[in-house]
Amino acid sequence: MKKKTSIKTMVGFITVVCATAMLCLPNGSTAADNATKGAQKVPETVDINLQKQCPSIPGLPADKKDVKGFTHEKHAIQYLLGKEKFSKYHYTDQFTCTACHTEAKSQEAITEDGMCASIQEELEKAGGAQKMSKFFHNTCKKCHAAMKKAGEKTGPTSCKGCHKR
Ligand code: HEC
Ligand code: HEC
Ligand code: HEC
């Protein structure tokens with residue numbers, strides 16, 4: 001998996017977000033600020049394919065689906081702000097990462113190297129590796145569905161919206 005984050009693009013993007021004010025929190029600290037501090041650690045997009053990424057995890061189901069070009073950074077610093085109640089997993093606007101990296105203790109602790117071990121741990125808590133689609137659907141699809149139900153602009157709930165294959 002490649003890291004495609006361009007710091008320049010990201011800083012430009014954050015400036016736009018903060019210029020529109022709404023997304024800047026009263027205490028002046030936003031997920032965007034935090035993301036800037038750990039700039040190289042918040043990839044802009046990621047291809048989600050656990051079987052390919054973490055073949056070391058035993059018991060994963062056959063690789064039939066993936067999600068290409070997931071807008072990782074936008075979720076972390078923009079889409080999730082103020083939407084915690086729609087998420088299956090707890091997070092805060094100051095630390096959005098735990099919506100998906102459910103076991104993370106800090107932003108710095110989420111590293112590409114440690115990713116497979118921590119996902120394995122997350123899956124064990126969520127019922128085992130064979131339950132990986134349930135884990136991801138709880139993480140992703142549930143939020144989209146809950147927001148849709150509440151009439152808010154959100155991401156896809158149909159299979160093809162996330163899976164091109
Ligand atoms: C909406 C879900 C979501 C949020 C929020 C999120 N991530 Fe991720 N992140 C993912 C997924 C999915 C992957 C790919 C790994 C996987 O299959 O779980 C990933 C991968 C990563 C990677 C590894 C990148 C690579 O190329 O392998 C890092 C580093 C990372 N995230 C850091 C963060 C940090 C720091 C935050 C908080 C500022 C964050 N993430 C917030 C879902 C999320
Ligand atoms: C807290 C709620 C929440 C969670 C959790 C969440 N999303 Fe989203 N997602 C959104 C919102 C909100 C948007 C659209 C925002 C907009 O268009 O203004 C979105 C948009 C998308 C889109 C459309 C492309 C885009 O960037 O607009 C895709 C695909 C997507 N999400 C996939 C995922 C995946 C995969 C995960 C889990 C790894 C995930 N989402 C987790 C809220 C969430
Ligand atoms: C909001 C995004 C989203 C939606 C909508 C969604 N999925 Fe997924 N699904 C994921 C993610 C993320 C994964 C983990 C992919 C990976 O790591 O390979 C996943 C994994 C899977 C897997 C596990 C097998 C594999 O090859 O990884 C299956 C099967 C699957 N989805 C089927 C479906 C079906 C069928 C639907 C429609 C009823 C659906 N998904 C809707 C995000 C979504």
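Residues numbered from 1 in each chain as written. Chains lettered and ligands numbered in written order. Predicted model: local features only at pLDDT ≥ 70, side-chain atom pairs only at ≥ 80, totals over all residues. Heavy atoms only, no water.

(A) Main features of the site of ligand 3. Near ligand 3 lie 22 residues; those nearest to it are Lys64, His137, Cys159, Cys162 and His163. Leucine 50 has a polar backbone atom sitting 2.8 Å from an oxygen atom of ligand 3. With respect to ligand 3, the side chain of glutamine 51 contributes an N or O atom lying 3.2 Å from an oxygen atom. More than half of the atoms belonging to ligand 3 lie within 2 Å of the grid points that define the largest pocket. For the shell around ligand 3, the elements supplying multiple residues, two or more each, are helix 3 (50-53), helix 6 (132-149) and helix 7 (159-162). The element that contributes the greatest number of residues to the shell around ligand 3 is helix 6, accounting for seven residues. The residue makeup of the shell around ligand 3, split by class, is ten nonpolar, eight polar and four charged. (Near = heavy atom within 4 Å. Polar contact = N/O pair within 3.5 Å; in protein donor to acceptor, adjacent residues only side chain to side chain. 1 Å grid on protein atoms, 1.4 Å probe; cavity = no way out; pocket = protein on both sides within 12 Å on 5 of 7 lines; lining within 4 Å. Sits in = over half its atoms within 2 Å of the grid points. Helix = DSSP H or I, 4+ residues; strand = E, 2+ residues; numbered from the N terminus. Nonpolar A, V, L, I, M, F, W, Y, C, P; charged D, E, K, R; others polar.)

(B) The arrangement of the layout of surface pockets in detail. Estimates place the volume of the largest pocket at around 1,200 Å³. Lining of the largest pocket is provided by 46 residues; of these, Phe70, Cys140, Lys141, His144 and Cys162 occupy positions nearest its centre. For the lining of the largest pocket, the secondary structure elements donating two or more residues are helix 3, strand 2 (67-70), helix 4 (72-79), helix 6 and helix 7. Partitioned by chemical class, the residues of the lining of the largest pocket number 21 nonpolar, 17 polar and eight charged. (Points joined across faces, edges and corners; volume = space filled by probe spheres on them.)

(C) Focus on the site of ligand 1. The local shell around ligand 1 holds 23 residues, among which His72, Cys97, Cys100, His101 and Met115 are the closest. Between ligand 1 and histidine 72 there is a distance of 2.8 Å, counted from a nitrogen atom to a side-chain nitrogen or oxygen. Contact distances for ligand 1 include 2.8 Å between a nitrogen atom and a side-chain N or O atom of histidine 101. Among the elements that make up the shell around ligand 1, the one with the highest residue count is helix 4 (three residues). Across the shell around ligand 1, the residue classes break down as 15 nonpolar, six polar and two charged.

(D) Fine view of the environment of glutamate 108. Tracing the chain through its elements places glutamate 108 in the loop between helix 4 and helix 5 (115-125). Measuring from C-alpha to C-alpha, the distance between glutamate 108 and lysine 41 comes to 7.5 Å, with 67 residues separating the pair along the chain.

(E) Local environment of the nonpolar core. Formed by 16 residues in total, the largest nonpolar core has its most connected members in Leu50, Ile57, Leu60, Ile119, Leu123 and Met132. Elements supplying a minimum of two residues to this core: helix 5 and helix 6. Looking at this core, the element that brings in the most residues is helix 5, giving four residues. Non-local contacts of isoleucine 57, meaning those with residues more than four positions away in its chain, are made with Cys116, Ile119, Gln120 and Ala129. (Core = buried A, V, L, I, M, F, W, Y, C linked by side-chain atoms within 4.5 Å. Buried < 20%, exposed > 50% of the residue type's maximum accessible area, 1.4 Å probe, protein only. Contact = heavy atoms within 4.5 Å.)

(F) Structural context of helix 4. By the burial criterion, the buried members of helix 4 are His72, Glu73, His75, Ala76 and Ile77. All buried residues of helix 4 project into a common sector of 170° when viewed along the axis, lining one side. (Arc of directions from axis to C-beta.)

(G) The arrangement of the pattern of salt bridges in detail. Considering all chains together, one arrives at five salt bridges under this definition. With a closest N to O distance of 3.3 Å, arginine 165 and aspartate 66 form a salt bridge. Of the two residues, arginine 165 is situated in the segment after helix 7 and aspartate 66 in the loop between helix 3 and strand 2; the sequence distance between them amounts to 99 residues. On the accessibility criterion, arginine 165 (37% relative accessible area) is partly exposed. With a closest N to O distance of 2.6 Å, glutamate 152 and lysine 83 form a salt bridge. Of this pair, glutamate 152 sits in the loop between helix 6 and helix 7 while lysine 83 sits in the loop between helix 4 and helix 5, placing them 69 residues apart in sequence. (Salt bridge = Lys/Arg side-chain N within 4 Å of Asp/Glu carboxyl O.)

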